[in-house]
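Secondary and tertiary structure notes
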Amino acid sequence: NAGVMQNPRHLVRRRGQEARLRCSPMKGHSHVYWYRQLPEEGLKFMVYLQKENIIDESGMPKERFSAEFPKEGPSILRIQQVVRGDSAAYFCASSSGRVNQPQHFGDGTRLSIL
Amino acid sequence: AQSVTQLGSHVSVSEGALVLLRCNYSSSVPPYLFWYVQYPNQGLQLLLKYTSAATLVKGINGFEAEFKKSETSFHLTKPSAHMSDAAEYFCAVSDGAGSYQLTFGKGTKLSVIP
């Protein structure tokens, strides 16, 4: 499967625990985006990364959330000390960054906080 | 700042009838516009994109959309609905075709009545 791969598909955490969401972009893509989808809402941009660089994190909450895209391996969205309000679907998208090439999305990680 | 408004959170059509999903946008720069479809528990699949070429854009599964600058609209249409079209549809806008964040509308759930 050459598409955007996200894991896990479902993640359950208790309040106060840490959540780690992984995203492997499509082959040949070096631009990664994370979005959050709350119930009955569209997707909201969180962060845009290229390899080893955060390009735009204007949509990230100021506390507890971080993202990285290391030189080797998948991009990671990390949520520390989760709270009930973090329950959502988190989607990763990737693109080549070239003009006229759109973002391609993974199937998402559904995060549930008990 | 960019924004997207999708009129109608739920739309129902009969099988074989015309599908019309509305999208209006605001953007301070010439926009790039997209329609994505989301099936339950899946990620977003690109239906079509407008990137300043032809104003009438044809996509997959028989969908098309027309960019009307004077109306700031990018409505999605399909001449004849099929049961498999039942899904949620999202309109999105960005500053660039591949390397910028997407701003999404809240989505329109399409139901197809047999």
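Preceding block: the structure.
In every chain, residue numbers begin from 1 and rise along the written sequence. Working convention: letters from A go to chains and numbers from 1 go to ligands, in the order in which they are written. Only residues with pLDDT of at least 70 are given local features in this predicted model, and only at 80 or more are side-chain atom pairs given and counted; all residues enter the totals for whole chains, interfaces and linings. Where side-chain values are given, they derive from all heavy atoms of the structure, hydrogens and water being excluded.

**Some points on the interface of chain A and chain B**
Our working rule: Contacts are assigned to residue pairs with any non-hydrogen atoms lying within 4.5 Å of each other. Accessible area that two parts lose when put together, evaluated with a 1.4 Å probe and summed over both, is termed the buried area. Definition used for salt bridges: Asp or Glu carboxyl oxygen within 4 Å of a side-chain nitrogen of Lys or Arg. Polar contact is the term for a pair of N or O atoms within 3.5 Å; when the atoms are in protein, one must be able to donate a hydrogen and the other to accept it, and sequence-neighboring residues count only if both atoms are side-chain atoms. Helical segments are the DSSP runs of H or I of at least four residues, strand segments are the runs of E of at least two, and each set is numbered from the N terminus.
Counting residues at the interface gives 26 residues for chain A, matched by 22 residues for chain B. Buried area between chain A and chain B, both sides added, is near 1,800 Å², and the carbon and sulfur share of it is 48%. Put simply, chain A and chain B have zero salt bridges between them. Scanning the region where chain A abuts chain B turns up six residue pairs in polar contact (both at pLDDT 80 or more). Elements that contribute at least two residues to the side of chain A that touches chain B include exactly strand E4 (31–37), strand E5 (43–50) and strand E9 (88–95) of chain A. Residue contributions to the side of chain A that touches chain B peak at four residues, all from E4 of chain A.

**So, the sheet that holds strand E3 (residues 19–24) of chain A**
To summarise the sheet geometry, strands pair through backbone hydrogen bonds and adopt either a parallel or an antiparallel arrangement. All names here are of chain A. Keep this limit in mind: In this scheme, strands are said to pair when DSSP sees at least two bridges between them. Orientation is described by axes fitted as lines to C-alpha atoms, over the contacting stretch for helices, and by angles from 0 to 180 degrees between their N-to-C directions.
Ordered by their spatial adjacency, four strands build an open sheet running E1-E3-E8-E7, and the pairing between neighbours is antiparallel. In this open sheet, the two strands that pair with only one neighbour each are strand E1 (5–7) and strand E7 (65–68). Strand-to-strand, the axes of this sheet are offset by a mean angle of 15 degrees, without reference to chain direction.

**Some thoughts on the packing of aromatic side chains**
Here is the rule we go by: Working definition: a ring pair exists when centres of Phe, Tyr or Trp rings (six-membered ring for Trp) sit within 6.5 Å. Plane angles under 30 degrees give stacked, over 60 give edge-to-face, the rest tilted. Residue exposure (1.4 Å probe, protein chains only): buried if accessible area is under 20% of the type maximum, exposed if over 50%, otherwise partly exposed.
What the rule picks out here adds up to 13 aromatic pairs over all chains. Their ring planes at 50 degrees and their centres at 6.0 Å tell us that Tyr36 of chain B and Phe104 of chain B sit as a pair that is tilted. On the criterion of sequence distance, the pair formed by Tyr36 of chain B in strand E5 (residues 32–38) and Phe104 of chain B in strand E11 (residues 103–104) is long-range, its members being 68 residues apart. Grouping residues by exposure puts Tyr36 of chain B and Phe104 of chain B together as buried. On the numbers, 4.2 Å between centres and 20 degrees between planes, the contact of Tyr50 of chain B with Phe67 of chain B is stacked. Note that Tyr50 of chain B is positioned in strand E6 (residues 44–50) and Phe67 of chain B in strand E8 (residues 64–68), a separation of 17 residues in sequence. For Tyr50 of chain B, a relative accessible area of 7% gives the class buried. Through pairs of rings, three or more aromatic residues link up here, namely Tyr35, Phe45 and Phe105 of chain A together with Phe34, Tyr36, Phe90 and Phe104 of chain B.

**Here's the deal with unusual backbone geometry**
Cis geometry is found at the peptide bond from Asn7 of chain A to Pro8 of chain A, where omega equals -5 degrees. Mapped onto the secondary structure, Pro8 of chain A falls in the loop between E1 and strand E2 (10–13). Even without being glycine, Arg64 of chain A reaches a positive phi, approximately 75 degrees. Phi at Asn41 of chain B is positive, roughly 60 degrees, even though this residue is not glycine. Structurally, Asn41 of chain B can be placed in the loop between E5 and E6.

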